[in-house]
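Per-entry structural report
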Amino acid sequence: GGKGAKGAKGGKGGKKDGETRSREFSHGGSLYVRNLPKEFSDEDCEKVFGVFGKLSGKTIKAADGYAFVDFETRGAMEKALEKAQEKPISFAGQALNVQEKTKQPRKGDKDVRNTRREL
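This text gives an overview of the structure that appears in the document.

Conventions used here
- Residues numbered from 1 in each chain as written.
- Predicted model: local features only at pLDDT ≥ 70, side-chain atom pairs only at ≥ 80, totals over all residues.
- Heavy atoms only, no water.
- Helix = DSSP H or I, 4+ residues; strand = E, 2+ residues; numbered from the N terminus.
- Buried < 20%, exposed > 50% of the residue type's maximum accessible area, 1.4 Å probe, protein only.
- Lys, Arg positive; Asp, Glu negative; His and termini not counted.
- Salt bridge = Lys/Arg side-chain N within 4 Å of Asp/Glu carboxyl O.
- Polar contact = N/O pair within 3.5 Å; in protein donor to acceptor, adjacent residues only side chain to side chain.
- Contact = heavy atoms within 4.5 Å.
- Phe/Tyr/Trp six-rings, centres within 6.5 Å; stacked < 30°, edge-to-face > 60°.
- Pairing = 2+ DSSP bridges.
- Core = buried A, V, L, I, M, F, W, Y, C linked by side-chain atoms within 4.5 Å.

Mapped onto the elements, Gln 99 comes out in strand E6 (residues 97-100). Separated by 31 residues in the primary sequence, Gln 99 and Phe 68 have C-alpha atoms spaced 9.8 Å apart.

Shown next as structure tokens:
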């Protein structure tokens, strides 16, 4: 008999209601920031990116050298991106690598180019 425990990968419905909503792309826009110094904090993030507009969320993995910064408006995110392209945004003398966060599958980052077909 089996209740299909093996097929956990493909479930369509998400029952985690409040938790993942902030990760959806319904808000303004998100930046993927690399080359962060290990001491980069929430407050630093507000100082560096808050000047472009109100932040709606952030995920900082300073130990791994990266962060995701979510803006309330797409315009604010684009402003930060433009600024970063004109002149690198730096923190503590370190130039940060700033790019728009794209929708990509999280599993197996290396195989991203092979998964395009599935869409």
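Take Asp 44: it is sitting in helix H1 (residues 42-49). Buried Asp 44, no salt bridge; nearest opposite-charge side chain is Lys 47, N-O distance 4.3 Å. Among the polar contacts made by the side chain of Asp 44, one reaches the main-chain amide nitrogen of Ser 41 at a distance of 2.9 Å. The residues contacting Asp 44, other than those within four sequence positions of it, are Glu 39 and Phe 91.

All told, the structure shown has four aromatic pairs when counted by the stated rule. Note on Phe 40 and Phe 91: the rings are 5.0 Å apart at their centroids and 85° apart in plane angle, and the pair reads as edge-to-face. Pair noted here: Phe 40 is in the loop between strand E1 (29-34) and H1 and Phe 91 is in strand E4 (residues 90-91), with a separation of 51 residues, a long-range link. Each ring, one from Tyr 66 and one from Phe 68, has its centre 5.7 Å from the other, and the planes form 75°; the classification is edge-to-face.

Let's shift gears to the pairing of strand E3 (residues 66-71). Summarising burial for E3: five of the six residues are buried, a large majority. For E1 and E3, the ladder comprises six bridges, and the chain directions are antiparallel. Bridge pairing in E3 links Arg 34 to Tyr 66. In the sheet, strand E2 (residues 55-61) pairs with E3 via six bridges, with the strands oriented antiparallel. Residue pairing across strands places Lys 58 opposite Val 69, the latter belonging to E3. As consecutive antiparallel partners, E2 and E3 are separated by four residues, and within that stretch Gly 65 has a phi angle of approximately 80°, a positive value.

Our focus in this paragraph is the pattern of salt bridges. One pass over the structure, following the stated rule, counts three salt bridges. In this structure, Arg 74 and Glu 100 form a salt bridge, with 2.9 Å as the shortest nitrogen-oxygen distance. In this pair, Arg 74 is assigned in helix H2 (residues 74-86) and Glu 100 in strand E6, connecting sequence segments 26 residues apart. We classify Arg 74 as partly exposed; its relative accessible area is 38%.

The next subject is the nonpolar core. If you look at the biggest cluster of nonpolar residues, it comprises 22 residues, and the most contacted ones within it are Leu 31, Phe 49, Phe 71, Leu 96 and Val 98. Looking at this core, the elements with two or more residues in it are E1, H1, E3 and H2. Broken down by element, the residue count for this core peaks at five residues, all from H2. With residues up to four places along the chain from it excluded, the contact list for Leu 96 reads Val 33, Arg 34, Asn 35, Leu 36, Pro 37, Val 48, Phe 49, Ile 89, Ser 90 and Phe 91.

These figures capture arrangement, not role.
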